[in-house]
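# Fold and geometry: a report
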Amino acid sequence: PPKAISMNGTLGLALAARGGGKFAAHYEPGKLVINMTKINGAGSLAHEWGHALDHYFGEQNRPDAYQGAARGISGWYDKGTAKLGYLRAEVKAAFERVMETLFKKFQTKAEIIRDKELLLEKAQARLDEVSKMDTTDNMSKNSKVAGMAFWNRQVDSITKDLAKTRAEMAEDARVATGRSDYEKQAGLLSGKSANGYWLRPTEMFARAFESFVFDRI
């Protein structure tokens, strides 16, 4: 509906009316308007609307809404700075899940168990290799004994950890195990800058939203 797509009537759309340059389109948080350039703007609306959505929810229910620098539900330019306490619980939870998914790699219980099983297989294979070492002198005998002791400890430790995971981890568990591939690729595009343009939360969110719209249509 027009009221929804215009953020309750607050968002404007300008067509080749607010500058051109190298960018296909841009969102202006100070004016609450999306500008689409005449020649290159096609295909950019979903991305810029994603910025507008980010900004809209970032200002919701605040006593100082739309005063000062723009705030986004994503954190805008800085990861981890989003203040979501003003939002309804279900909206807050949904956006937190989205942003976590963009920046973090998550695994299910089955995936974690499989990784540990592979680790155990490798440790057992290494133990088997060491046990078959040819020992022709005291030095090689000592090396074999030390190696077998080490890999026996590894096998025992991994076996216990695997058993604990199987017994105690919830079936619907979703565990963060590192950075998402999406964040890693954005980091490569940003180069040496730890918080470069491509890694800004608002850009991560807008690109993901753009891709979501593309997939849906």
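Right, let's walk through the structure included here. The structure presented is a predicted model; accordingly, all values stated were derived computationally and were not measured.

### What about the layout of surface pockets?
- If you add up the space inside the largest pocket, you get close to 460 Å³.
- Along the wall of the largest pocket there are 20 residues; nearest its centre are His 47, Glu 48, His 51, Tyr 197 and Glu 203.
- Contributions of two or more residues to the lining of the largest pocket are made by β2 (25-28), α2 (45-59) and α7 (201-216).
- In terms of residues, the lining of the largest pocket owes the most to one element, α7, which gives four residues.
- Residues that form the lining of the largest pocket fall into these classes: nine nonpolar, six polar and five charged.
- One number sums up the size of the second largest pocket: a volume of about 250 Å³.
- As for the second largest pocket, its lining consists of 13 residues, and the residues nearest its centre are Ser 74, Gly 80, Ala 82, Met 99 and Glu 100.
- Top contributing element to the lining of the second largest pocket by residue count: helix α3 (residues 89-103), with five residues.

### Points about the packing of α3 against α7
- The interhelical angle for the contact between α3 and α7, taken along N-to-C directions, is 95°, at an axis separation of 11 Å. Between α3 and α7, the angle falls in the class roughly perpendicular. Taken together, the residues of α7 that come into contact with α3 (itself represented by Phe 95, Val 98, Met 99, Leu 102 and Phe 103) are Pro 201, Met 204, Phe 205 and Ala 208.
- The class makeup of the residues in the contact of α3 with α7 is nine nonpolar, no polar and no charged.

### Quick notes on the pattern of salt bridges
- By the definition in use, this model includes 13 salt bridges.
- For Glu 90, the salt bridge identified is with Arg 88, shortest N-O distance 2.8 Å.
- Notably, a salt bridge pairs Arg 114 with Glu 121, separated by 3.6 Å at the nearest N-O pair.
- Each of the salt bridges in this network shares a partner with another, and the network as a whole consists of Arg 114, Glu 117, Glu 121 and Arg 166.

Calculation rules
- Residues numbered from 1 in each chain as written.
- Predicted model: local features only at pLDDT ≥ 70, side-chain atom pairs only at ≥ 80, totals over all residues.
- Heavy atoms only, no water.
- 1 Å grid on protein atoms, 1.4 Å probe; cavity = no way out; pocket = protein on both sides within 12 Å on 5 of 7 lines; lining within 4 Å.
- Points joined across faces, edges and corners; volume = space filled by probe spheres on them.
- Helix = DSSP H or I, 4+ residues; strand = E, 2+ residues; numbered from the N terminus.
- Nonpolar A, V, L, I, M, F, W, Y, C, P; charged D, E, K, R; others polar.
- Axes fitted to C-alpha atoms, helices over the stretch in contact; angles between N-to-C directions.
- Parallel < 35°, antiparallel > 145°, perpendicular 65-115°, else oblique.
- Contact = heavy atoms within 4.5 Å.
- Salt bridge = Lys/Arg side-chain N within 4 Å of Asp/Glu carboxyl O.

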